[in-house]
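One-letter residues, chain by chain:
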Amino acid sequence: MSKLSFDLTGKIALVTGATHGIGMAVAKGLAQHGAKICVNDIDDAKLEACKEEYKKDGVEVYTLNFNVTSEKDVDRGISQIEKEVGPVNILVNNAGIIKRVPILEMNLEDFKQVLEVDLVSPLIVSKRVVPSMIKRRAGKIINMCSMMSVYGRQNVSAYASAKGGLKLLTQNMCCEWAKYNLNINGIGPGYIATAQTAPIRVDGHPFNDLVMTRTPAGRWGEPEDLAGAAVLLASDAGQFINGQVIYVDGGILANFGYVKGENEQ
Ligand code: NAP
Ligand code: GCO
């Protein structure tokens with residue numbers, strides 16, 4: 001049996017929205033295995049600041065500003081990467097937003113904005129990158145899904161609708177593009193300690209208590225916990241994984257929940 005290859009040397013990866021958080025950790029993991037990293041954001045200050053963060057781990061990133069919800073901006077951004085770095089071999093659709101509002105209080109514009117960023121933009125960026133991957137008969141797409149690709153919960157209707165849709169979009173991309181030797185998969189993080197969850201992670205917040213009781217591993221995930229799944233899905237070692245979502249959740253999806261104070265027996 002030939003040696004399993006997790007080597008990404010010579011590969012160009014675009015990780016959207018990776019100036020911090022999960023995207024940065026995933027990008028650093030891909031870089032550790034040899035990939036050249038491209039990072040976009042919509043905030044020039046964050047793009048500038050992230051270079052130093054990446055450099056601390058020896059990673060020289062190529063940064064550029066484009067908005068993943070705009071087809072025109074995405075075309076400009078990908079054309080710039082193709083011209084200045086090379087064709088995208090690995091695309092991680094990581095950029096995302098969340099709005100925590102009860103359905104009856106959420107205005108339509110906010111609902112649509114979440115869908116635009118979390119569901120439509122992975123389609124926009126993938127559609128711009130995939131023709132070149134098809135021509136080269138090689139490419140990896142990783143869509144950043146969520147626990148909310150499987151579960152609902154109060155106040156995140158737009159986000160859950162988007163992430164549930166992203167799971168099925170991932171499966172449909174697989175159905176149409178796997179025959180060209182492309183791998184399209186998702187990662188479903190559990191509850192991860194980033195800026196996005198900071199408001200619900202404060203000590204004593206009921207949601208923090210819920211995560212601690214629902215997560216068998218008994219902790220919030222760290223962004224770095226996601227890098228291994230990304231390297232697997234981006235590498236030849238994951239060549240026959242397609243249309244899947246790998247949940248990196250400390251056991252949440254396996255667990256109905258503990259009764260507080262329950263004895264161990
Ligand atoms: P985060 O800290 O909010 O980072 C999201 C990134 O996306 C930011 O860099 C943001 O840029 C960027 N972004 C937002 N809108 C954009 C746009 N229109 N164009 C380009 N970039 C845009 O979130 P995170 O916690 O690292 O999460 C990253 C991904 O994992 C998201 O898709 C999220 O839904 C998903 N996820 C997170 C968790 C969790 O527990 N944290 C769990 C499951 C899934 P700015 O900072 O400039 O706005
Ligand atoms: C929330 C959290 C979650 C996480 C993640 C879980 O408010 O429910 O922010 O949605 O971000 O998606 O996988």
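Residues numbered from 1 in each chain as written. Chains lettered and ligands numbered in written order. Predicted model: local features only at pLDDT ≥ 70, side-chain atom pairs only at ≥ 80, totals over all residues. Heavy atoms only, no water.

Considerations on the side chain of Thr197
With respect to the secondary-structure elements, Thr197 resides in the loop between strand E6 (182–189) and helix H6 (198–201). Setting aside its immediate chain neighbours within four residues, Thr197 contacts Arg100, Ile192 and Trp220. (Helix = DSSP H or I, 4+ residues; strand = E, 2+ residues; numbered from the N terminus. Contact = heavy atoms within 4.5 Å.)

Points about the pairing of strand E5 (residues 139–144)
Burial runs high along E5: 6 of the 6 residues are buried. The two faces of E5 match: Gly139, Ile141 and Asn143 on one face and Lys140, Ile142 and Met144 on the other face are all buried. The sheet contact formed by strand E4 (residues 90–93) and E5 spans 4 bridges and is parallel. From the neighbouring strand, Ile90 faces E5, where its bridge partner is Lys140. In terms of handedness, the path from E4 via helix H4 (residues 108–136) over to E5 forms a crossover that is right-handed. Sheet topology places E5 next to E6; 6 bridges connect them, and they run parallel. Counted as the bridge partner of Met144 is Ile187 from E6. Crossover E5 to E6 through helix H5 (residues 157–177) is right-handed. (Buried < 20%, exposed > 50% of the residue type's maximum accessible area, 1.4 Å probe, protein only. Pairing = 2+ DSSP bridges. Right-handed = clockwise from strand over helix to strand, strands pointing away.)

Some points on the pairing of E6
Of all 8 residues in E6, 8 are buried, a share of seventy percent or more. By the alternation rule, side chains of E6 split into Leu182, Ile184, Gly186 and Gly188 and Asn183, Asn185, Ile187 and Pro189, which are all buried. The pairing of E6 with strand E7 (residues 245–248) spans 4 bridges and is classified as parallel. The partner of Ile187 across the bridge, within E7, is Ile246.

Description of the site of ligand 1
Contacts to ligand 1 come from 31 residues, most closely from Asp41, Lys46, Asn94, Tyr159 and Thr194. One of the backbone N or O atoms of Asn94 is found 2.7 Å from an oxygen atom in ligand 1. In this structure, Ile192 approaches ligand 1 through a main-chain N or O atom, which is 2.9 Å from an oxygen atom. Protein contacts shield 91% of the accessible area of ligand 1, which totals 900 Å² for the unbound molecule. Going through the elements one at a time, helix H1 (21–32), strand E2 (36–41) and H5 are the ones with two or more residues in the shell around ligand 1. (Near = heavy atom within 4 Å. Polar contact = N/O pair within 3.5 Å; in protein donor to acceptor, adjacent residues only side chain to side chain. Areas by Shrake-Rupley, 256 points an atom, 1.4 Å probe, with all protein chains shown as cover.)

Focus: the sheet that holds strand E3 (residues 62–65)
The strand order across the open sheet built from 7 strands is E3-E2-E1-E4-E5-E6-E7, with neighbouring strands paired in parallel fashion. Both edges of this open sheet fall to E3 and E7, since each of them pairs with a single strand only. Looking at each pair of strands side by side, their axes are set apart by 20° on average, direction ignored. The strands touched by H4 within the sheet are strand E1 (12–16), E4, E5 and E6, with E4 carrying the most contacts at an inclination of about 170°. (Axes fitted to C-alpha atoms, helices over the stretch in contact; angles between N-to-C directions.)

Focus: the packing of H1 against helix H8 (residues 227–234)
Where H1 contacts H8, the axes come no closer than 8 Å and their chain directions differ by 50°. Comparing the axis directions of H1 and H8 gives the class oblique. You can see that H1 and H8 cross each other, and the crossing is right-handed. Contacts from Ala25, Val26, Gly29 and Leu30 of H1 reach H8 at Ala227, Ala230, Val231 and Ala234. Its residues assigned to classes, the contact of H1 with H8 comprises 7 nonpolar, 1 polar and no charged. (Parallel < 35°, antiparallel > 145°, perpendicular 65-115°, else oblique. Left-handed = near helix turned anticlockwise from the far one by under 90°. Nonpolar A, V, L, I, M, F, W, Y, C, P; charged D, E, K, R; others polar.)

Remarks on the environment of Ile78
Note on placement: Ile78 falls in helix H3 (residues 71–84). Considered as a pair, Ile78 and Ser161 are 83 residues apart in the sequence and their alpha carbons are 27 Å apart. Once residues within four sequence positions are removed from consideration, Ile78 is found in contact with Leu14, Phe66, Val125, Arg128 and Val129.

Comments concerning the nonpolar core
In this structure, Val26, Leu30, Ile37, Val39, Tyr54, Val92 and Ile187 are the most contacted members of the largest nonpolar core, which totals 31 residues. Secondary-structure elements contributing two or more residues to this core are E1, H1, E2, helix H2 (44–56), E4, E5 and H8. Ranked by residue count, the leading element in this core is H1, at 6 residues. In contact with Tyr54, other than residues within four places in its own chain, are Ala18, Gly23, Met24, Ala27, Lys28, Val39, Val59 and Val61. The next biggest cluster of nonpolar side chains, apart from the first, holds 27 residues, and it includes Phe66, Met133, Cys145 and Leu166. (Core = buried A, V, L, I, M, F, W, Y, C linked by side-chain atoms within 4.5 Å.)

Re the site of ligand 2
Surveying the vicinity of ligand 2 reveals 15 residues, the closest of which are Arg100, Ser146, Met147, Arg153 and Tyr159. The side chain of Arg153 places a nitrogen or oxygen atom 2.6 Å from an oxygen atom of ligand 2. Gly190 is positioned such that a nitrogen or oxygen atom in its backbone is 3.2 Å from an oxygen atom of ligand 2. Tallied by class, residues from the shell around ligand 2 come to 9 nonpolar, 4 polar and 2 charged.

Any functional reading would require information beyond the geometric quantities listed.
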